[in-house]
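Report on the structure
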Amino acid sequence: FTKDEYFLFVQELLAAENHVYLEMLDTIQEGMNRESCRTCRLQAMTEVLGETVQAHAKIEEDFLFPALERHLDPDGPTDVMRREHELMDAHLTHILSIPDDNDEQARARVVNVLTHLVSILRGHIEKEDGVLFPMARRILMDETLEVMGAKAFESRHGWRRHRSPEPIAGEEDS
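Residues numbered from 1 in each chain as written. Predicted model: local features only at pLDDT ≥ 70, side-chain atom pairs only at ≥ 80, totals over all residues. Heavy atoms only, no water.

Here's the deal with the overall build of the chain
Looking only at helices and strands, the chain has 5 helices and 0 strands in total. In the chain, which comprises 174 residues, the proportion classed as buried is 38%. Summarising the internal contacts of the chain: among those between residues at least 6 apart in sequence, 81% fall at separations of at least 24. When the accessible surface of the chain is split by element, carbon and sulfur atoms take 52% of a total near 10,100 Å². (Helix = DSSP H or I, 4+ residues; strand = E, 2+ residues; numbered from the N terminus. Buried < 20%, exposed > 50% of the residue type's maximum accessible area, 1.4 Å probe, protein only. Contact = heavy atoms within 4.5 Å. Areas by Shrake-Rupley, 256 points an atom, 1.4 Å probe, with all protein chains shown as cover.)

Below is the structure:
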């Protein structure tokens, strides 16, 4: 990867994930609007969404935000994004803690909290795609982008780019 390719990888990864989250939110909202979609199904969809959103937030908090905070006020945009991550985590936890008593009251409580979560996450994605990612591109220096991209790539995939693959059993040269 070149310097720009590392940052583009991170930015494209996060932006692509945002697109997937918007599709997931559409599916969740369709479920919320269908009375036949039970509480446990809404909670299961929320759990999948939560796991992926939390992995996304971890890359931002571990790599992108610290790099930006060397150039910006830590109480500025990254602080807003962190607070939104915490708020989304609280909503996710609340939704998953509601007992599925297979009744309308439980479903109504899940839908109520889920409605807020969907709204928060949609607004958060707009801020990332419209403000945070373009700002990061303008502010961060090439060296920072290269290091951040490499660390994020390694964190997400659990391996180093230069590691040689293990031979496949039976395919070694004789």
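Brief notes about the packing of helix H2 (residues 39–69) against helix H4 (residues 104–139)
The geometry of H2 relative to H4 is characterised by a closest axis approach of 11 Å and an angle of 25 degrees between their N-to-C directions. In terms of orientation, H2 lies roughly parallel with respect to H4. As for the relative orientation of H2 and H4, their crossing is left-handed in sense. Of the residues in the contact of H2 with H4, the class split is 16 nonpolar, 5 polar and 3 charged. (Axes fitted to C-alpha atoms, helices over the stretch in contact; angles between N-to-C directions. Parallel < 35°, antiparallel > 145°, perpendicular 65-115°, else oblique. Left-handed = near helix turned anticlockwise from the far one by under 90°. Nonpolar A, V, L, I, M, F, W, Y, C, P; charged D, E, K, R; others polar.)

A word on the confidence of the model for the chain
Per-chain confidence: the chain averages 83 in pLDDT, with 76% of residues scoring 70 or above. No element of the chain has a lower mean pLDDT than helix H5 (residues 142–157), which averages 63, and none a higher one than helix H3 (residues 77–97), which averages 96. (pLDDT = per-residue confidence, 0-100.)

So, the pattern of salt bridges
In this structure the tally under the stated criterion is 5 salt bridges. Between Asp26 and Arg122 there is a salt bridge whose closest N-O contact spans 2.6 Å. You can see Asp26 sitting in helix H1 (residues 3–33) and its partner Arg122 sitting in helix H4, a full 96 residues away along the chain. Given a relative accessible area of 35%, Asp26 falls into the partly exposed group. Among the residues examined, Arg122 registers a relative accessible area of 23% and is labelled partly exposed. A salt bridge links Asp62 to Lys58; the nearest nitrogen and oxygen atoms lie 2.5 Å apart. With Asp62 and Lys58 both in helix H2 and 4 residues apart, this pair spans about one turn of that helix. (Salt bridge = Lys/Arg side-chain N within 4 Å of Asp/Glu carboxyl O.)

Thoughts on H3
With 21 residues, H3 ought to run about 30 Å at 1.5 Å a step, and its terminal C-alpha atoms sit 30 Å apart, in line with that. All of the buried residues along H3 are Thr78, Met81, Glu84, His85, Met88, His91, Leu92 and Ile95. Projection of H3 onto a plane perpendicular to its axis shows the buried side chains occupying an angular sector of 140 degrees, all on one side. Opposite the buried face of H3, at more than 90 degrees from it, the exposed residues are Glu86, Thr93 and Ser97. Close packing links the buried residues of H3 with H2 and H4. (Expected span 1.5 Å × (residues − 1). Arc of directions from axis to C-beta.)

As for the nonpolar core
Across soluble globular proteins, nonpolar side chains have a tendency to be buried as a group. Judged by nonpolar contacts, the single largest core of 24 residues is most densely connected at Ile28, Leu42, Leu49, Leu114 and Leu121. Elements supplying a minimum of two residues to this core: H1, H2, H3 and H4. The element that contributes the greatest number of residues to this core is H4, accounting for 10 residues. Every residue in contact with Ile28, bar those within four places of it in the chain, is listed here: Leu42, Met45, Thr46, Leu49, Leu114 and Val118. Judged by nonpolar contacts, the second largest core, of 15 residues, contains Leu13, Leu14, Leu64 and Phe133. (Core = buried A, V, L, I, M, F, W, Y, C linked by side-chain atoms within 4.5 Å.)

Overview of the packing of H3 against H4
Packed helix pairs are characterised by how far apart their axes lie and by the angle those axes make with each other. It is at 10 Å that the axes of H3 and H4 come closest, and there the two elements cross at 155 degrees. In terms of orientation, H3 and H4 fall into the roughly antiparallel class. Considering only the axes of H3 and H4, their crossing is left-handed. On H4, the residues that touch Pro77, Met81, Glu84, His85, Leu87, Met88, His91, Leu92, His94 and Ile95 of H3 are Val110, Val113, Leu114, His116, Leu117, Ile120, Leu121, His124, Lys127, Glu128, Leu132 and Met135. Looking at side-chain class alone, the contact of H3 with H4 contains 14 nonpolar, 5 polar and 3 charged residues.

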